Structure formats: structure tokens, C-alpha cells
Amino acid sequence: MKVLVINCGSSSLKYQLIDSVSEIALAVGICERIGQGISCLKHTPNGGEKVVIETPMENHEVAIKMVLDALTDKNHGVIKSLEEIGAVGHRVVHGGEKFATSTIITDEVIQAIEDCNDLAPLHNPANLIGIRACANLIKGVPMVAVFDTAFHQTMPAKAYLYGIPHEYYDKYKIRKYGFHGTSHSFVSKRAAEFAGIDINNSKIIVCHLGNGASITAVLNGKSIDTSMGFTPLAGLVMGTRSGNIDPSIIEFIAKKENKNIDQIMNLLNKESGVQGMSDVSSDFRDINDAMDNGNEMARTAFDVFVYRVAKCIGGYVAAMNGVDVIAFTAGVGENDHKVREDVCQYLGYLGVTIDLEKNMTRSKEIMLTTPESTTKVCIMPTNEELAIARETVGLL
Ligand code: AMP
């Protein structure tokens, strides 16, 4: 079956058409700047040249129409007609407490996703637009919603409750949800296989370190704690997000700088993290270059990032009373050897020793630890689109 995987952001739309048997992506692409004047579709057929089309896309429905045209185009298309698409898998950011697994999309499911809009006001409405647009344009094709939050629904109350009055959980469901669940699930399963251990009897820590970053403790295949929270702003220091801070800082800055709550949230989401600390960039390639050139602020931002990762791993070792495998994944985790090396320097108490030559590997499954190392550390590339395609086919 050919599965179209759709990941709708507020002004972008990423897609892949995946053959579920060979698990090859027949085409991958992205529509950018949707609804912002001149939009752009970048489409790459497997083994072919990237095609870039610049044209206005006033909304997501227009963007999806462009994607379907690109997939069936005579020159750069990969299918003859839309009938070849057997299913559509949608990434949906927030499933609240309603969705602990992926689900086939029905009118009731659309309503339930809409009910979660409050919890992810930037993301869920965009995801719903994508779902509705596909329902209009490829009529009758089954669709599945795969939620970023679902994998973490196994967390116990002691991990997901905040130390605030219970009425706010009762009234508004304010709690930790966690994100990147599709990636944490995919990587933990594969890491167990790769390390030759039974996932049902394992302690795995997945470090998903990308522009957004989160770490999950996976005990016997289930998420028992994760670093992101009620929103993806919590936890680690990220590219542009602050991660955990003392909540009183919000009031303090608001008063000192005469900022309103929207301005403060923008500051914490978009102007903080490694970018805000270094004044260089949110991209670790730029941070590394700046460090090489002796930039002290970049060095400090890097050190803070690494220190937080190491402390979070330590917390999850305590939560699981041990760890068998630590897996690095996503843009930074898969590519930045310096981040991995520095994090592992903190892990001597786990008996971790890594092979520095192997650690130079990028974006490939590889065990980084030496045979004597008592805890295993690996690079495990994530593939959220493939995970969504698998979930979709599995459900149908
Ligand atoms: P993601 O959100 O998983 O796509 O990760 C994106 C981030 O990965 C970028 O912002 C970079 O910080 C980081 N990244 C990508 N390639 C490299 C690299 N070769 N070295 C260091 N960091 C990288």
C-alpha cells in the first residue's frame, strides 16, 4: 500500500509518499510560507532531482492540491493517479487524554481533536485543516491520526501531575503530556532490537535532540516520564525555547520590561534557548563554528545544553533504577559528535566508555560504547514519517 504521510504546521506542510512494503519514501517534500504571499513547494521524487515551484498558496487546501498534482505529475510524479494512494497518515500534535493510541479518523475523532485545540493552539488547528483538506481532495481514502502525545499516556500520575492545586487538573487537564512521542516510540523499539535486548524487559533512555528537544524514560517499552510538559516549551534548553525556568522569572521580566504575557511567551518560545543564550544561532552547526572561533557565549550555551541533557538522563536513571541503552536521535543527537561526547563525559558513574572514532559517525545506527562499557550508548536515527506510515497500515 502507498501511504501519504502529512505533517501540517501553521504555515508549512511536510509530506512523504511511502510504500509500506519496501518502506521506501517514493517522494518527499514540503510546502513553505502557506498563506504568506509567495509560497514554495519543494518536491523530490526518490532517485530524482528536487523540483521547486514558487506560487501563491492561500491556504492548506491549495497546498495539498499542489502536493497531489506534484505526486501525479507526468515528469516528476511518482504515481499515475490518486487511486494509488491507499491511506493517509496525519501527524497530530495533541491528543490530550483522549488518545493513547493512533486512531482511524472519523467525524467524532475530528471533533475530539478539535476539543484539544486549547492545549495546542498553534498546532492542532493546522493539523485539522490538513485532515479536512485531504478528506475533500482524496475522497473515500481511509485516514489515520498519529498523535505526538499518545506514547506518553502510559506515564503514571506521579510523573504527569504538577505541584499546583488539583482543581486545575480537574477543570482544564493541566498536566504533563509530553511530545515527540512517535519518535520516542520508534527509536526505543529499534534501539532495543539493535542492542539485542527484549523491549518488554528493558530500560531505555531516548534523547531526541533536535531544534525541539526532549528525553524520555522508556521502561519495558512504555514511556514512564518525559522532559517536555503541558507544552513543548518545558524541559531541556532547546534551539530557541528556554526549557524549564523558575516561573517567577515571567513576572519579574514582565514588570521590569513592561511586557505582556504574549510577549513573554514569544520571548521564551522563539528568542531563548541556545539562540538567546549565545546571541549566535539556534543551529548547533553555527554554535560549533562560533566555539571554534573562541566565542565564549556560544561555549556557555553549548555547556548549558549538554549539562541539562546529562542531568535529565541522571534523573531517568533514578526513575527506572538503572538503564540498559541510551539512544541519541534527531538533528543534533544524530549529527553532533561533540554534544554526544560531552554528555557521555557525565556518565562515568554508569560505566559508559565510548569509542571516539565511532562517535564521529553521523545519522547512522551505530553502537558508540566499547565492549567493556556497562551501559550501551548508540546513535539511532529517527524516522517519524515511516513510524506514521507503519501505524497507519497497522490500524487499517
Ligand atoms: P531537527 O529538529 O531534528 O530537524 O534538528 C535540526 C537541528 O539539528 C538543527 O537546527 C541543527 O542544530 C542540528 N544539526 C543538523 N545537522 C547538524 C550537524 N551536522 N552538526 C550539528 N548539528 C546539526
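Structure first, text after, so check above.
Treat the numbers as computed from the prediction; the structure is a model and nothing was measured.

1. Details of the packing of helix α1 (residues 60–72) against helix α3 (residues 124–137)
Running from amino to carboxyl end, α1 crosses α3 at an angle of 55°, the nearest separation of the two axes being 9 Å. Taken as axis vectors, α1 and α3 run oblique relative to one another. Two packed elements cross with a definite hand, and for α1 against α3 that hand is right-handed. Residues H60, E61, I64, K65 and L68 of α1 form the contact with α3, whose participating residues are I129, G130, A133, C134, N136 and L137. Among the residues forming the contact of α1 with α3, the class breakdown is 6 nonpolar, 3 polar and 2 charged.

2. A short note on the sheet that holds strand β11 (residues 222–226)
Read from one edge to the other, the open sheet built from 6 strands follows the order β11-β10-β9-β12-β14-β13, with strand pairing classed as mixed. The open sheet is flanked by β11 and β13 (366–367), the only strands paired with a single partner. Bridge count between strand β9 (residues 203–209) and strand β10 (residues 213–219): 7 bridges; the pairing is antiparallel. When the bridges of β10 are listed, K203 appears paired with L219.

3. Quick look at unusual backbone geometry
Look at N220: it is not a glycine, yet its phi comes out positive at around 50°. Mapped onto the fold, N220 is located in the loop between β10 and β11. Phi angles above zero are rare outside glycine, and D279 is one such case at about 60°. Inspection of the secondary structure assignment puts D279 in the loop between α9 (273–278) and α10 (284–292). By relative accessible area, D279 is classed as exposed at 64%.

4. Digging into the packing of helix α2 (residues 107–115) against α3
Where α2 contacts α3, the two axes come as close as 9 Å, and the packing angle between them is 160°. Put simply, α2 runs roughly antiparallel to α3. Pair α2 / α3 crosses with left-handed handedness. Note on element contacts: α3 touches α2 through N124, L128, I131 and R132, opposite I110, I113 and E114. Its residues assigned to classes, the contact of α2 with α3 shows 4 nonpolar, 1 polar and 2 charged.

5. Some thoughts on the nonpolar core
In terms of nonpolar packing, the biggest core is built from 45 residues, with I205, L209, I215, F305, I313 and I326 touching the most fellow members. Looking at this core, the elements that each hand over two or more residues are β9, β10, α10, α11 (296–320), β12 (325–329), α13 (337–345) and β14 (376–379). Among the elements that line this core, the one with the most residues is α11, at 11 residues. Setting aside anything within four residues of it in sequence, one finds I205 in contact with I215, T216, I313, Y316, V317, M320, V323, V325, I326 and A327.

6. Some details on the site of the ligand
By nearness alone, every residue bordering the ligand is listed as G210, N211, S282, D283, F284, R285, A330, G331, V332, N335, D336 and R362. The backbone of N211 places a nitrogen or oxygen atom 2.9 Å from an oxygen atom of the ligand. Within the complex, 73% of the 500 Å² of free accessible area of the ligand lies under protein. Counting only elements with at least two residues in the shell around the ligand, the list comes to α10 and α12 (330–335). Ranked by residue count, the leading element in the shell around the ligand is α12, at 4 residues. For the shell around the ligand, the per-class residue count stands at 3 nonpolar, 5 polar and 4 charged.

7. Here we look at the packing of aromatic side chains
Counted by the stated rule, this structure contains 7 aromatic pairs. On the basis of an interplanar angle of 40° and a centroid distance of 6.3 Å, the ring pair of Y177 and F230 is categorised as tilted. Of this pair, Y177 sits in the loop between α5 (166–172) and α6 (181–195) while F230 sits in the loop between β11 and α7 (248–257), and the two are 53 residues apart along the sequence. Residue classification places Y177 among the buried residues on the basis of a relative accessible area of 0%. What links up through ring pairs into an aromatic cluster is the set F284, F302 and F305. For R175, the ring lying beneath its charged end belongs to Y160, and the centroid distance is 3.6 Å.

8. Overview of the layout of surface pockets
Within this model, the second largest pocket holds a volume of roughly 550 Å³. Considering the residues around the second largest pocket, the lining is formed by 22 residues, among which F151, S185, F186, K189 and E391 are closest to the centre. The biggest single contributor to the lining of the second largest pocket is α6, with 7 residues. When grouped by side-chain class, the residues that make up the lining of the second largest pocket number 7 nonpolar, 9 polar and 6 charged.

9. With respect to a nonpolar patch on the surface
Together, M1, I104, L395 and L396 make up an exposed nonpolar region whose accessible area comes to about 310 Å². Classification of L395 by relative accessible area gives partly exposed; the value is 35%.

10. Some thoughts on the pattern of salt bridges
Evaluated as defined, the whole model comprises 18 salt bridges. K98 is the salt-bridge partner of D115, the closest N and O atoms lying 3.5 Å from each other. With a gap of 17 residues between them, D115 in helix α2 and K98 in the loop between β6 (85–92) and β7 (103–104) connect regions that are remote in the sequence. When the shortest N-O distance is used, the salt bridge between R190 and E365 registers 2.7 Å. In this pair, R190 is assigned in helix α6 and E365 in the loop between α13 and β13, connecting sequence segments 175 residues apart.

Rules used throughout
Residues numbered from 1 in each chain as written. Predicted model: local features only at pLDDT ≥ 70, side-chain atom pairs only at ≥ 80, totals over all residues. Heavy atoms only, no water. Axes fitted to C-alpha atoms, helices over the stretch in contact; angles between N-to-C directions. Helix = DSSP H or I, 4+ residues; strand = E, 2+ residues; numbered from the N terminus. Parallel < 35°, antiparallel > 145°, perpendicular 65-115°, else oblique. Left-handed = near helix turned anticlockwise from the far one by under 90°. Contact = heavy atoms within 4.5 Å. Nonpolar A, V, L, I, M, F, W, Y, C, P; charged D, E, K, R; others polar. Pairing = 2+ DSSP bridges. Buried < 20%, exposed > 50% of the residue type's maximum accessible area, 1.4 Å probe, protein only. Core = buried A, V, L, I, M, F, W, Y, C linked by side-chain atoms within 4.5 Å. Near = heavy atom within 4 Å. Polar contact = N/O pair within 3.5 Å; in protein donor to acceptor, adjacent residues only side chain to side chain. Areas by Shrake-Rupley, 256 points an atom, 1.4 Å probe, with all protein chains shown as cover. Phe/Tyr/Trp six-rings, centres within 6.5 Å; stacked < 30°, edge-to-face > 60°. Lys NZ or Arg CZ within 6 Å of the ring centre and 35° of its normal. 1 Å grid on protein atoms, 1.4 Å probe; cavity = no way out; pocket = protein on both sides within 12 Å on 5 of 7 lines; lining within 4 Å. Points joined across faces, edges and corners; volume = space filled by probe spheres on them. Patch = residues over 30% accessible without salt bridge, like charges linked within 9 Å, V, L, I, M, F, W, Y side chains within 5 Å. Salt bridge = Lys/Arg side-chain N within 4 Å of Asp/Glu carboxyl O.

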